[in-house]
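Each chain is listed here by its residues.
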Amino acid sequence: MVLAQLGGTITRAIQQMSNATIIDEKVLNECLNEINRALLNADVQFQLVRNMQNNIKRIVNIDDLAAGHNKRRIIQQAIFNELCNMLDPGKPSFTPKKGKTSVIMFVGLQGSGKTTTCTKYAYYHQKKGWKPALVCADTFRAGAFDQLKQNATKAKIPFYGSYTESDPVKIAVEGVDTFKKENCDLIIVDTSGRHKQEAALFEEMRQVSEATKPDLIVFVMDSSIGQAAFDQAQAFKQSVPVGAVIVTKMDGHAKGGGALSAVAATKSPVIFIGTGEHMDEFEVFDVKPFVSRLLGMGDWSGFMDKIHEVVPKDQQPELLQKLSEGNFTLRIMYEQFQNILKMGPIGQVFSMLPGFSSELMPKGQEKESQAKIKRYMTMMDSMTNEELDSSNPKIMNDSRIMRIARGSGRQVREVMEMLEEYKRLAKIWSKMKGLKIPTRGDMNMR
Ligand code: GDP
C-alpha cells in the first residue's frame, strides 16, 4: 500500500527535524513542507493539506515552546492529531444493531468494487452471528445480478434480484420487504453504478433511497482514483445522504490519500477498507490505529487483537509484560518466531508493528520469510541461555558469533545478519517501554 510510503516519508521528516540541533521556525517549515509534499503525492486534496499545515503551525507555536519541551514529540502529536481530524468527521456513522433490521444501501461508480464490497460487508457480519441478506438493485450493468448471486451463494448469504425486471426501485423494495419478513437484521442493497457521475445515476439512486428508506448509505470508493476523490465523493453526497465511506483496493498500488479527501467531502467516516479481491480481505477501519500505523507508531488495537487471536493464552500476560518493559531479548524473538510459524500465514501478528512486516516479511514473499525465520531459529538453537535472555546486544562478541555459526552449521555472516535483525526489532520494542498497553477491555472493539 502506498500509504505506507507516505507514513515512511512523514516519519523521516519528523526524524530529520529532531536531528536538528535547534528546532526553529525554519526547521519546522522544512518538516511541514516535506509532509505536505508526501500528502500531495499520496493524492490528498490540496486544500486539505493546506489546512493541515496552517492548523499545525497554529498549534505548535515554536516561540511559545519553552526550552526543555520535547519539541519533536509536540510536533509529532500535532501531526498525529491533524491526520486523525482529517479522517474523523467528528460524528460516527449509523451503527446497525444485531437482531434489529437495518437497511444499508451501497452506492458508487461502476468498477469501484461496490458489489464485491456488499458481499464482504455481509460476510463480515455473518461471521459475527448476524443474519444478512443481499438485494441486487443494479439493473444497469449486465451480469451484475449473476455476480452478486455467485458471491452470495459462495458465502451462503440469501439474495434477491431479477433477470427480467428492469426497474431497480421495484426490485429494491421487493427485496427489502422479502428479507424484512424473513427477519434478516442486515439488508444490503447494491445499486447501479455508471462509468462516470451522471444525472441518470443520481436520479436512480435518489429513487431507490426514497423507496427503501435505508438506515445508512455507504459510498464505495476505489482508492486509486486519486485527486478526483474529493469531487466524486462530494457529487454522491449532494445526491443522497451518504453516511459512511468504504475505500476499496487499498492492497494495490493506489496512493490511498483519496480516502482522506472522501471523508472531508462527505463528512462521513471510513468504516471499512477493502484489501483484496477475496471475501475476507476486508478490515474494520479505525482512525487512531490507522494513523498510528501510518506514522510508524504501531497499531495497538490491531496488534492486540492479533496477540489475543494467535499467541497461546497462557503466554499472553508474560508477553504483554515484556512488551511494556521494552525488554526485547533473543528468547522473545525466538518465541514469537515459533508463534508466527505455528499460525500458518506468516506475519499476521507482527505485520501490525512497524518493522516486522515490511522488512522481515514482505508481502508476497511468505515462503522466503518462513525459510529465513527457520534459519534464524536454527542459529538461536546454538545460543546459551545467557545469550538468549540478555537484552544487551553487546554481549554478542566475535567468539560467541563464531561459536554459534559453527554450532548451527551456518556462516558467520548469517549470524551477524540475524543479530542485526534482532537489534532492529529490539529498537522498535524499546519504544514501547513504559507505554500503557491496553488490555482487551480498554479498547473500542467491534
Ligand atoms: P462494481 O462495479 O462497483 O460493483 O465493482 P465490482 O465489485 O465488480 O469490482 C470491480 C473489480 O474490483 C473486481 O475485479 C473486484 O474483484 C475488484 N475489487 C473489489 N474490491 C477490491 C479490493 O479491495 N482489492 C482488490 N485488489 N480488488 C478489488
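Residues numbered from 1 in each chain as written. Predicted model: local features only at pLDDT ≥ 70, side-chain atom pairs only at ≥ 80, totals over all residues.

A short note on the overall build of the chain
The following threshold applies: For the purposes of this entry, the term helix denotes a DSSP run of H or I that reaches at least four residues, the term strand denotes a run of E that reaches at least two, and both are numbered from the N terminus. A residue is called partly exposed when the number of other C-beta atoms within 10 Å of its own lies between 12 and 20, exposed at 12 or fewer, and buried at 20 or more, with C-beta atoms placed from the backbone.
Within the chain, the secondary structure is distributed over 19 helices and eight strands. Counting the 446 residues in the chain, one finds 39% classified as buried.

Description of the site of the ligand
Condition: Think of it this way: take the backbone, place a C-beta atom on it, and check whether that atom is within 6 Å of the molecule or strand, in which case the residue is near it. As a working rule, the residues Ala, Val, Leu, Ile, Met, Phe, Trp, Tyr, Cys and Pro are called nonpolar, Asp, Glu, Lys and Arg charged, and the rest polar, with Gly in that last group.
Neighbouring the ligand are 18 residues; Gly 113, Lys 114, Thr 115, Thr 116 and Gly 274 lie closest to it. Of the residues forming the shell around the ligand, the biggest block, three residues, is contributed by helix H5 (residues 114–127). Counted by class, the shell around the ligand contains no nonpolar, 14 polar and four charged residues.

Observations regarding the UniProt feature "domain: SRP54-type proteins GTP-binding" (unreviewed entry) in the chain
The condition that has to hold: UniProt positions are given in the numbering used here, feature names are shortened, and annotations may be inferred rather than shown by experiment.
Look at the UniProt record and you will see "domain: SRP54-type proteins GTP-binding" (unreviewed entry) annotated at residues 269–282. End-to-end, the C-alpha atoms of residues 269–282 are 16 Å apart, and along that stretch the chain is 0% helix and 43% strand.

Let's talk about unusual backbone geometry
At Lys 156, a position not held by glycine, the phi torsion is positive, near 55 degrees. Inspection of the secondary structure assignment puts Lys 156 in the loop between helix H6 (144–154) and strand S3 (159–160). Classification of Lys 156 by C-beta neighbours within 10 Å gives exposed; the count is 8. A positive phi is found at Asn 183, a non-glycine position, where the angle reads about 55 degrees. Tracing the chain through its elements places Asn 183 in the loop between helix H7 (168–181) and strand S4 (186–191).

Looking at the pairing of strand S2 (residues 132–137)
How we decide: One bridge is not enough; two strands pair if DSSP finds at least two bridges between them. Looking down the strands as they point away from the viewer, one classifies a crossover as right-handed if the path from the first strand across the helix to the second runs clockwise.
Taking burial as the measure, the six residues of S2 include six buried ones, the bulk of the element. Side chains Pro 132, Leu 134 and Cys 136 project from S2 onto one buried face, and the interleaved Ala 133, Val 135 and Ala 137 project onto a second face that is buried too. Here S2 pairs with S4 via six bridges, running parallel. Of the residues in S4, the one forming a bridge with Pro 132 is Leu 186. Handedness of the S2-H6-S3 crossover: right-handed.

Concerning the nonpolar core
Let me state the cut-off plainly: Here a nonpolar core is just a set of buried residues of the types Ala, Val, Leu, Ile, Met, Phe, Trp, Tyr and Cys, joined wherever their C-beta atoms sit within 7 Å. An automatic or database domain assignment provides the domain bounds reported here. Throughout, a pair of residues is in contact if the C-beta atoms placed from their backbones lie within 7 Å.
Counting residues in hydrophobic clusters, the biggest one holds 85 residues, and the most contacted among them are Leu 134, Val 135, Ile 187, Ile 188 and Val 189. Each of two domains, domain 1 (2–87) and domain 2 (102–294), supplies a minimum of three residues to this core. With residues up to four places along the chain from it excluded, the contact list for Val 189 reads Val 103, Met 105, Phe 106, Val 135, Ala 137, Ala 172, Gly 175, Val 176, Val 208, Thr 212 and Pro 214. Judged by nonpolar contacts, the second largest core, of 17 residues, contains Leu 330, Met 333, Ile 340 and Met 380.

Quick word on the sheet that holds S4
We apply this condition: Between N-to-C directions, angles span 0 to 180 degrees; the directions come from axes that are lines fitted to C-alpha atoms, helices contributing only their stretch in contact.
Strand order across the open sheet formed by eight strands is S3-S2-S4-S1-S5-S6-S7-S8, with mixed pairing between neighbours. The strands lining the two open edges of the sheet, one partner per strand, are S3 and strand S8 (282–284). Where strand S6 (residues 244–248) lies against strand S7 (residues 270–274), three bridges are found, and the strand directions are parallel. Counterpart to Val 245 in the pairing with S7 is Val 270. Sheet strands in contact with H5 are strand S1 (102–107), S2, S4, strand S5 (216–222), S6, S7 and S8, and its direction is about 170 degrees off that of S4.

Thoughts on the packing of H7 against helix H8 (residues 199–212)
Quick note on the threshold: Geometric relationships in this document are graded by angle, where less than 35 degrees denotes roughly parallel, more than 145 denotes roughly antiparallel, 65 to 115 denotes roughly perpendicular, and other angles denote oblique. Each helix crossing is assigned a hand: it is left-handed if the near helix lies turned anticlockwise from the far helix by less than a right angle, otherwise right-handed if that turn is clockwise.
Interhelical geometry of H7 versus H8 gives an angle of 30 degrees and a closest axis separation of 9 Å. When the interaxial angle is binned, H7 and H8 end up roughly parallel. Between H7 and H8 the crossing geometry is right-handed. Between H7 and H8, the contacting residues are Pro 168, Val 169, Ala 172, Val 173 and Val 176 on the first element and Glu 204, Gln 207, Val 208, Ala 211 and Thr 212 on the second.

A closer look at the pairing of S4
Among the six residues that make up S4, six are buried, leaving the element largely enclosed by the rest of the structure. Burial along S4 is two-sided: Leu 186, Ile 188 and Asp 190 facing one way and Ile 187, Val 189 and Thr 191 facing the other are all buried. Direction of pairing for S1 relative to S4: parallel, over a ladder of five bridges. Residue Ile 104 lies in a different strand from S4, and its bridge partner there is Ile 188.

Things to note about the environment of Val 60
With respect to the element layout, Val 60 can be found in the loop between helix H3 (46–59) and helix H4 (71–87). Residue classification places Val 60 among the partly exposed positions, given that 18 C-beta atoms sit within 10 Å. Each C-alpha atom of the pair Val 60 and Glu 25 lies 9.9 Å from the other, and the pair is 35 residues apart in sequence. Sequence-distant contacts of Val 60, defined by excluding residues within four places in its chain, comprise Leu 28, Ile 74, Ile 75 and Ala 78.

Quick look at the packing of H3 against H4
Relative to each other, H3 and H4 sit at 140 degrees, their axes nearing to 10 Å. Relative to H4, the element H3 lies oblique. Considering only the axes of H3 and H4, their crossing is right-handed. The residues of H4 that touch H3, namely those facing Leu 48, Met 52, Asn 55, Ile 56 and Ile 59, are Ala 78, Ile 79, Glu 82 and Met 86. Considered class by class, the residues forming the contact of H3 with H4 number seven nonpolar, one polar and one charged.

Structural notes on the environment of Asp 398
Tracing the backbone through its elements, the reader meets Asp 398 in helix H18 (residues 398–408). Through-space distance from the C-alpha of Asp 398 to that of Met 416 is 9.7 Å; in sequence the pair is 18 residues apart.

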